[in-house]
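The chain contents come next:
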Amino acid sequence: MTNGVTLDVDLLRRYDRPGPRYTSYPTAPQFVPGFDEQALREAAKESNGDPIPRPLSVYVHVPFCTSPCFYCACNRVITRDRSRGAAYLAPLYGEIDLAAGLFDPDREVAQLHFGGGTPNFLAPAQLRDIVATLRRQFRFANADDLDCSIELDPRALRPSEVAELAAMGFNRASLGVQDFDPVVQGAVNRVQSVGETAAVVEACRRHGIGSVNIDLIYGLPHQTPGGFSKTLDIVLAMRPDRLAVYGYAHLPKLVKAQTRIDAATLPTRDAKLGLLQLAIETLTAAGYVHIGMDHFALPDDELAVAQARGSLHRNFMGYTTHAESDLIGLGVSAISHIGATYSQNPRDIASWQAAIEDGRLPVFRGMRMSDDDQLRAALVQQLMCQGEVAVGALERRYAIDFRSYFRDALVRLQPLIADGLVQVEPDRILATSPGRLLLRNIAMCFDAYLGEDAIPARFSRAI
Amino acid sequence: MTAKEKPVFPQSNARIVSDDGDAFNFCTTCAFSSACMDQGMGKRELNDLHMLVEHIGPFHAGDPVFRRGEPFDAIAAVRAGSVKTSIIDQTGHERVLGFHLPGEVIGLAGIDGDRYPCDAIALDTTTLCRFSFPRMAELASRVPLLQQHLFRLLSRDIGAAQRLTGDWPADVRMAAFLLTLSHRLAARGFSSRRFQLTMARTDIGNYLRLAPETVSRVLKRFQDDGLLAVDRREVELLDRPSLDALAAPILDS
């Protein structure tokens, strides 16, 4: 994959249609209620039986936020009542206890991630207690091999608290910014100063949280090229190691908070693409490498290095340098990926907590992947991480004839080939430079669950 | 799949399954095929032997094929899948006796008494050919070739169980174990280079008298040294000469 990103606005406009983000394949809408606790237990047991069991990744979902950002589609609970956080810990510890019992004691945790919501809704002492509980129940990899990351809201964090996070072992932080333009911030109900953001970035660096990611969003209400350009300049001055630039998906029918956004104030589709173009050009000029989808990194960042080496992976936490792992999702709505299964916790705290208090693993839906699912998941993973599909390797691994197995997909790929997004070579299928912005569209050609019918409205648009 | 590539165990071998036995031909996977085909059994005896066969299964992973203490009345040949046999020792711990692949026979140890002395558990989706033993014994008394073959199977079964339990280092035992599986699968038309370990690492460890962590550690070292690659349950033998050399003390003994 080359580093240059070129943009053909006309092309992007034509391909700007709804589709999954492929943090998993199959995607969550394919999960079924029949996949229950027993199925999860069997999957974990099976994974313990692997000759070399995979390392574990642990995700902890902290659902609370003190105020609603209107664009956000995450599972969250808006409250200023700090006791809600304290009350969340008992069931969480119950779940940690149940989950730890599933895995052989020699299996190592190589990745720990706190997401939300707002993980720092919890006090540092509470976070420390969660990490300590996890460390008691699971065997952790040595600090050098352990990715310990947390999503932070700089508005609710004193720089002194960053030192405490570093002391707990966090070595990566991801900060939400979205846009510094005060008009945009007002419209999305997230007022956050440059000063408090810079202070947290600086504190991370000072206390040894070596890798800082900043999230931006394009396509927000009242966003203008001038304002967004200023935001980009401010963010680049902080020199984050990684940057994510997400497209805002306005789906007020599905995401209640988004009804607070006046659709008339959203940039037009062309204006939105202009903002994306601006972001890509600015970041590329500043020396950032496009990792794939909406992610950028400095060329010496692990992700960029891993991508160059072909060892980049992607899971529910986004891109990662860690080899395939079994993912344990803890907390309300969290998703686990054990062996060839996905399973999800209930999306409301009451059901999640009730199951745990009953001594049951709180699974409310999931799925066991078929052989076909596993093959397509490997293909989508290659596409999302390396921007190409290794045809020969998949044929060998899954004992298929690629061209006949994927006959329909290759037909669906034809217009993308004609538009120069994809090149089909004898031994690989390659996303071209413009195609790398449309990896979702390429992956959709290989998605067995997207038939000829209209793409369901639950997915956000590709751009 | 390209024609020249052999199927990766336990993928069902379409060629083999379609080549199912009829009145005069046994499945190519059958443990008894050599008893009749290679050594010219008469048509009548062959037919008699066929009359004894009953296809059973599919059993799913964890299902018992038979349990220790159940009355011994039949032996069975694995048609597809794999079976683990084990006993519970005096201290109450499971001891894995062996793993049985397509074409291999389970239940032979029951000949000695009138009850099965061990458990036989399917490791994955498994089908078997069941031979009623009283009727087979009666036939064997009339067909010396069949009797010889039964004795041969019996002694092979005992030999295999004793081979890997010597006082060899962990990596020697592991290399010999993998190569033995590879040979046995190759003999049934499967790829000798790539195959799935249908048994859990605890079972491998139990069989080889190694802790499960040691199983993983040795395999990880083999992988780091480029001898093989492991992906979930699947193993690919990459450096056959080095593995052969490593396993030589056991396999050449």
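Quantities reported herein were computed from a predicted structural model and do not represent experimental measurements.

Undergrad: Please explain the sheet that holds strand 20 (residues 428-431) of chain A as it appears in this structure.
TA: Whenever strands of a sheet pair, they do so through backbone hydrogen bonds, lying parallel or antiparallel. Residue and element names in this part refer to chain A. The sheet built from three strands is open, its strands ordered 18-20-19 with antiparallel pairing. Looking at strand neighbours, the two that pair on one side only are strand 18 (388-390) and strand 19 (422-424), the edges of this open sheet. Across the sheet, the mean angle from the axis of one strand to that of its neighbour is 15°, orientation sign disregarded. In the sheet, strand 18 pairs with strand 20 via three bridges, with the strands oriented antiparallel. Counterpart to Ala390 in the pairing with strand 20 is Arg428. Most of the contacts of helix 13 (residues 391-398) go to strand 18, to which it runs at about 45°, and overall it touches strand 18 and strand 20. Packing of helix 15 (residues 407-418) onto the sheet brings it into contact with strand 19 and strand 20, and relative to strand 19 it is tilted by some 125°.

Undergrad: Would you mind showing me how to read the pattern of salt bridges here?
TA: Oppositely charged side chains may form a pair once their charged atoms are brought near each other. On inspection of all chains with the given rule, the structure shows 39 salt bridges over all chains. Its salt-bridge partner being Arg232 of chain B, residue Asp50 of chain A comes within 3.2 Å of it at the nearest N-O pair. In this pair, Asp50 of chain A is assigned in the loop between helix 2 (37-48) and strand 1 (56-62) and Arg232 of chain B in the loop between strand 10 (228-231) and strand 11 (234-237), connecting two distinct chains. Of the two residues, Asp50 of chain A and Arg232 of chain B, both sit in the buried class. Ionic pairing is found between Glu425 of chain A and Arg428 of chain A, a salt bridge with its closest N-O pair at 2.7 Å. What makes Glu425 of chain A partly exposed here is its relative accessible area of 25%. Residue Arg428 of chain A is classed as partly exposed on the basis of its relative accessible area of 29%. Salt bridges linked by common partners bring Arg54, Glu324 and Arg397 of chain A together with Arg194, Asp231 and Glu234 of chain B together as one network.

Undergrad: Explanation requested: the packing of helix 3 (residues 83-100) of chain A against helix 4 (residues 124-137) of chain A in the structure shown.
TA: A pair of packed helices can be characterised by two numbers: the angle between their axes and the separation between those axes. All names here are of chain A. Where helix 3 contacts helix 4, the axes come no closer than 10 Å and their chain directions differ by 10°. One element, helix 3, and the other, helix 4, form an angle in the roughly parallel class. Across the interface between the two elements, Gly85, Ala86, Leu89, Leu92, Tyr93, Ile96, Asp97 and Ala100 from helix 3 touch Gln126, Asp129, Ile130, Thr133, Leu134 and Gln137 from helix 4. A class-by-class count of the residues in the contact of helix 3 with helix 4 yields eight nonpolar, four polar and two charged.

Undergrad: Teacher, can you tell me more about the interface of chain B and chain A here?
TA: A common way to report how large an interface is uses the accessible area buried once the components associate. In this assembly, 20 residues from chain B lie in contact with 19 residues from chain A. Between chain B and chain A, a total of about 1700 Å² is buried, with carbon and sulfur atoms accounting for 43% of that surface. The interface formed by chain B and chain A holds nine salt bridges in total. One salt bridge connects Arg233 of chain B with Asp50 of chain A, and the closest N-O pair in it is separated by 2.9 Å. For the pair chain B and chain A, the number of links is 14 residue pairs in polar contact (both at pLDDT 80 or more). Secondary structure elements with two or more residues in the side of chain B that touches chain A: helix 8 (212-224), strand 10 and strand 11 of chain B.

Undergrad: Just checking my understanding: could you explain helix 12 (residues 371-386) of chain A for this structure?
TA: Given 3.6 residues to a turn, an α-helix orients residues that are three or four positions apart in the same direction. All names here are of chain A. Taking 1.5 Å of rise per residue, the 16 residues of helix 12 would be expected to cover 22 Å, and the 22 Å separating its terminal C-alpha atoms lies within 8% of that figure. Turning to helix 12, its buried residues number three or more, namely Asp373, Leu375, Arg376, Ala377, Leu379, Val380, Gln381, Leu383, Met384, Cys385 and Gln386. A positive phi of about 70° marks Gly387, the residue just after helix 12.

Undergrad: What is the right way to read the side chain of Ser336 of chain A from this model?
TA: Residues and elements named next belong to chain A. Topologically, Ser336 is positioned in strand 15 (residues 335-338). A distance of 2.8 Å separates a polar side-chain atom of Ser336 from the backbone nitrogen of Gly329. Setting aside chain neighbours within four positions, we find Ser336 in contact with Leu327, Ile328, Gly329, Thr341, Tyr342 and Ser343.

Undergrad: Help me out: how do you make sense of the pairing of strand 7 (residues 119-122) of chain B in this one?
TA: A regular strand places its side chains so that they alternate between the two faces of the sheet. Residue and element names in this part refer to chain B. Residue alternation in strand 7 divides its side chains into two sets, Asp119 and Ile121 and Ala120 and Ala122, and both sets are buried. Across two bridges, strand 2 (residues 64-66) lies against strand 7 in antiparallel orientation. By the bridge assignment, Phe66 is partnered in strand 7 with Ala120. Alignment of strand 4 (residues 83-88) against strand 7, held across four bridges, turns out to be antiparallel.

Undergrad: Whenever I open this one, unusual backbone geometry confuses me. Can you help?
TA: Residues and elements named next belong to chain A. Between Tyr25 and the following residue, Pro26, the backbone shows a cis peptide bond with an omega angle of -10°. As for its position among the elements, Pro26 is in the loop between helix 1 (9-15) and helix 2. Residue Gly117 follows Gly116 across a cis peptide bond; omega there is 15°. Even without a glycine there, the phi angle at Tyr22 is positive, about 55°.

Calculation rules
Residues numbered from 1 in each chain as written. Chains lettered and ligands numbered in written order. Predicted model: local features only at pLDDT ≥ 70, side-chain atom pairs only at ≥ 80, totals over all residues. Heavy atoms only, no water. Pairing = 2+ DSSP bridges. Helix = DSSP H or I, 4+ residues; strand = E, 2+ residues; numbered from the N terminus. Axes fitted to C-alpha atoms, helices over the stretch in contact; angles between N-to-C directions. Contact = heavy atoms within 4.5 Å. Salt bridge = Lys/Arg side-chain N within 4 Å of Asp/Glu carboxyl O. Buried < 20%, exposed > 50% of the residue type's maximum accessible area, 1.4 Å probe, protein only. Parallel < 35°, antiparallel > 145°, perpendicular 65-115°, else oblique. Nonpolar A, V, L, I, M, F, W, Y, C, P; charged D, E, K, R; others polar. Buried area = accessible area lost by both parts, 1.4 Å probe. Polar contact = N/O pair within 3.5 Å; in protein donor to acceptor, adjacent residues only side chain to side chain. Expected span 1.5 Å × (residues − 1).

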